[in-house]
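# Residue-level structural notes
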Amino acid sequence: MKKSNLSLYIAVAAAIVIAGVIIATKKRKTVQDEVEPLPTDMPEVPTEPTDIPEAPTEEPLPTAEPTAPAAPIEVQPEPVPLPEPEPEPESEPEPESELEPELLYGNSTGNLSNGGFVATDGEWIYYQNSSDGGKLYKIRTDMSEKMKLNDERTYYVNVIGEWVYYSNFDDGWKIYRVRTDGTERTLLCNDDAHDVSVAGDWIYYSNRSENWNLYKIRLDGSQRTQINSERCDYVNVVGDCIYYQNLGDNNNICKINTDGTEKAKLNNEISYYINVAGDWVYYSNMSDHKYLYKIRTDGTEKTKLNDTTSYEINVSGDWVYYHDAGDNGFLYKIRTDGTEKTLIRSDYCKYINVAGDWVFYDGSKIQDTYELFKVRTDGSEWQKVY
């Protein structure tokens with residue numbers, strides 16, 4: 001192509017470009033003029049209620065101080081949690097009928113070691129009435145409402161519930177029972193029974209029909225059972241043990257379980273008027289001038305309590321009541337620790353029995369006669385019992 005023609009083409013192209021720019025500018029201006037302006041009377045947009053509390057402004061988080069890079073943590077596998085044990089259901093209290101009942105005694109060991117002429121249930125006093133041939137009577141503790149319960153001479157009186165158990169002198173010392181109102185007199189056992197003692201569901205006794213061996217029967221007279229093969233006197237039943245004077249072994253003190261097991265010897269002395277009270281056995285020590293002694297039920301801590309000849313021992317509460325042969329057989333008491341020896345009554349006394357705050361005793365000095373007297377434990381209100 002010739003140089004003149006090239007210049008012409010360039011000039012024509014430039015003119016076309018300039019013309020296009022001019023046309024585009026005019027067209028843009030025309031579009032802007034055609035746009036409708038926004039109305040100036042538009043309704044105001046409702047504003048939000050002014051009583052809304054402003055949102056609390058968040059305080060900027062504290063900037064953590066740079067720390068040294070932490071040591072790498074060794075990741076341990078998490079242990080698998082063991083299942084928690086299910087709570088055991090609370091045990092229901094046993095029915096009252098299944099609880100072991102408290103062992104009840106028909107009389108105190110002190111009274112039974114002195115012939116058991118008197119017993120009490122707290123409301124009534126049951127006693128052998130010397131003014132009526134030794135027959136069984138009862139009287140209220142305030143000495144009112146006297147009532148006769150049988151027609152035979154009665155020893156070893158025991159009261160349990162609605163029954164009185166005893167040894168019937170007029171029928172060969174056989175064991176009987178009678179209601180506390182005097183009805184339903186019943187023969188329970190044909191043995192010659194002495195030292196009759198009721199404890200729980202059993203009657204224990206020295207069986208003189210069988211060489212004075214220990215025996216027991218149920219309260220209804222059933223299950224007659226021999227306990228040992230020794231001659232026994234002054235039988236004391238306390239808990240699961242029987243304490244007694246062993247006539248075949250120098251009259252010392254022995255004990256044996258009520259089922260006949262575990263016999264043990266407690267001392268080597270001639271021992272009379274045995275009384276078991278708490279953890280102690282009280283006795284008149286014939287090997288030492290008949291002085292009053294005590295020894296633990298396990299045979300330890302033998303202790304002398306006085307220096308006078310002491311018979312008819314009866315331990316009640318914190319006191320030991322006794323016949324002081326060193327002072328005309330008068331009625332004395334002394335603390336169980338050997339202190340406060342006290343004269344109660346300047347009367348000859350034997351077969352000392354205690355019921356509540358009364359001391360009962362036989363005041364007769366004549367053999368085979370019996371006169372029952374009573375006096376307060378402080379020595380007041382002495383009188384004969386009718």
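What you see is a predicted model, and the numbers here were worked out from it, not measured in a lab.

## Side note on the overall build of the protein
A count of helices and strands for the protein gives 2 helices and 27 strands. Here the protein holds 386 residues, and the buried ones make up 40% of them. Nonlocal contacts in the protein, meaning residues at least 24 apart in sequence, comprise 30% of its contacts between residues at least 6 apart. Summing over all exposed atoms, the protein offers an accessible surface of approximately 23,300 Å²; the carbon and sulfur share of this is 51%.

## A short note on the pairing of strand E8 (residues 193-199)
In terms of burial, E8 is a largely internal element, 7 of the 7 residues being buried. Summarising the sheet, E8 and strand E9 (residues 202-207) pair through 5 bridges and their orientation is antiparallel. Considered in E9, the bridge of His194 is made with Ser206. In this structure, the hairpin formed by E8 and E9 is closed by a connection of 2 residues, where Gly200 is found at a positive phi of approximately 65 degrees.

## With respect to the environment of Leu305
Within the secondary structure, Leu305 is located in the loop between strand E19 (303-304) and strand E20 (310-316). Among the residues examined, Leu305 registers a relative accessible area of 8% and is labelled buried. As a C-alpha pair, Leu305 and Tyr293 span 12 residues in sequence and 5.4 Å in three-dimensional space. Setting aside chain neighbours within four positions, we find Leu305 in contact with Tyr282, Leu292, Tyr293, Lys294, Ile334, Thr336, Asp337 and Gly338.

## Here's the deal with the nonpolar core
Formed by 30 residues in total, the largest nonpolar core has its most connected members in Tyr165, Ile175, Ile203, Tyr205 and Phe360. Once residues lying within four places of it in the same chain are set aside, the contact partners of Ile203 are Tyr165, Ile175, Leu188, Val196, Ser197, Val198, Tyr215, Lys216, Ile217, Arg218 and Leu219. In this structure, Ile253, Val281, Tyr283 and Tyr293 belong to the second largest nonpolar core, which totals 24 residues.

## Describing the pairing of strand E26 (residues 372-376)
Counting buried positions along E26 gives 4 out of 5 residues, so the element sits mostly inside the fold. Relative to E26, strand E25 (residues 358-362) is paired through 5 bridges, and the arrangement is antiparallel. Across the sheet, Val359 pairs through a bridge with Val375, a residue of E26. Of the pairings in the sheet, the one linking E26 to strand E27 (residues 383-384) comprises 2 bridges and is antiparallel in character.

## Focus: the sheet that holds strand E21 (residues 319-324)
Across the sheet, 4 strands lie side by side as E20-E21-E22-E23; this open sheet has antiparallel pairing. Two strands lie at the open edges of the sheet, namely E20 and strand E23 (342-345), each paired on one side alone. Neighbour-to-neighbour, the strand axes of this sheet turn through a mean angle of 30 degrees, independent of strand direction. Pairing of E21 with strand E22 (residues 330-335) involves 6 bridges; the strand directions are antiparallel. Looking across to E22, one finds that Trp319 is bridged to Arg335.

## Focus: the sheet that holds E19
Taken together, 4 strands build an open sheet; the order of strands is E16-E17-E18-E19 and the sheet is antiparallel. The sheet is open, and its two borders are formed by strand E16 (271-277) and E19, each paired with just one other strand. Relative to E19, strand E18 (residues 291-296) is paired through 2 bridges, and the arrangement is antiparallel. The partner of Lys294 across the bridge, within E19, is Thr303.

## A word on the layout of surface pockets
Counted as a void, the largest pocket has a volume near 640 Å³. Lining the largest pocket are 26 residues, and of these Gly115, Phe117, Tyr155, Glu312 and Tyr351 sit closest to its centre. Mapped by element, the contributors of at least two residues to the lining of the largest pocket are strand E4 (147-160), E8, strand E12 (232-238), E20 and strand E24 (350-355). No other element matches the 3 residues that E4 contributes to the lining of the largest pocket. In terms of residue class, the lining of the largest pocket is built from 11 nonpolar, 7 polar and 8 charged.

## With respect to the pattern of salt bridges
All told, the structure shown has 23 salt bridges when counted by the stated rule. Where Lys148 meets Asp151, a salt bridge forms, and the shortest distance between an N and an O atom there is 2.9 Å. Relative accessible area serves as the criterion here: at 52%, Asp151 is assigned to the exposed category. For Arg296, the salt bridge identified is with Glu301, shortest N-O distance 3.5 Å. Here the salt bridges share partners, and the residues they tie into one network are Asp132, Lys135, Lys148 and Asp151.

## A short note on the environment of Lys302
Position of Lys302 among the secondary structure elements: in the loop between E18 and E19. In this structure the C-alpha to C-alpha distance between Lys302 and Trp280, which are 22 residues apart in sequence, comes to 9.5 Å. Once residues within four sequence positions are removed from consideration, Lys302 is found in contact with Glu269, Tyr283, Tyr293, Lys294 and Ile295. Here Glu269 takes part through its side chain, which lies 2.5 Å from a polar atom of the side chain of Lys302.

## Considerations on the side chain of Thr180
With respect to the helices, strands and loops of the structure, Thr180 is situated in the loop between strand E6 (174-179) and strand E7 (186-189). Residue classification places Thr180 among the buried residues on the basis of a relative accessible area of 8%.

## Here's the deal with the packing of aromatic side chains
Summed over the entire model, instances satisfying the criterion amount to 18 aromatic pairs. In this structure an aromatic cluster arises from ring pairing among Phe117, Tyr155, Tyr156, Phe169, Trp173, Tyr351 and Tyr370. Over the face of the ring belonging to Trp212 we find Arg208, whose NZ or CZ atom lies 3.7 Å from the ring centre. The lysine or arginine in question, Lys294, covers the ring of Trp280, its NZ or CZ lying 4.2 Å from the ring centre.

Conventions adopted
Residues numbered from 1 in each chain as written. Predicted model: local features only at pLDDT ≥ 70, side-chain atom pairs only at ≥ 80, totals over all residues. Heavy atoms only, no water. Helix = DSSP H or I, 4+ residues; strand = E, 2+ residues; numbered from the N terminus. Buried < 20%, exposed > 50% of the residue type's maximum accessible area, 1.4 Å probe, protein only. Contact = heavy atoms within 4.5 Å. Areas by Shrake-Rupley, 256 points an atom, 1.4 Å probe, with all protein chains shown as cover. Pairing = 2+ DSSP bridges. Core = buried A, V, L, I, M, F, W, Y, C linked by side-chain atoms within 4.5 Å. Axes fitted to C-alpha atoms, helices over the stretch in contact; angles between N-to-C directions. 1 Å grid on protein atoms, 1.4 Å probe; cavity = no way out; pocket = protein on both sides within 12 Å on 5 of 7 lines; lining within 4 Å. Points joined across faces, edges and corners; volume = space filled by probe spheres on them. Nonpolar A, V, L, I, M, F, W, Y, C, P; charged D, E, K, R; others polar. Salt bridge = Lys/Arg side-chain N within 4 Å of Asp/Glu carboxyl O. Polar contact = N/O pair within 3.5 Å; in protein donor to acceptor, adjacent residues only side chain to side chain. Phe/Tyr/Trp six-rings, centres within 6.5 Å; stacked < 30°, edge-to-face > 60°. Lys NZ or Arg CZ within 6 Å of the ring centre and 35° of its normal.

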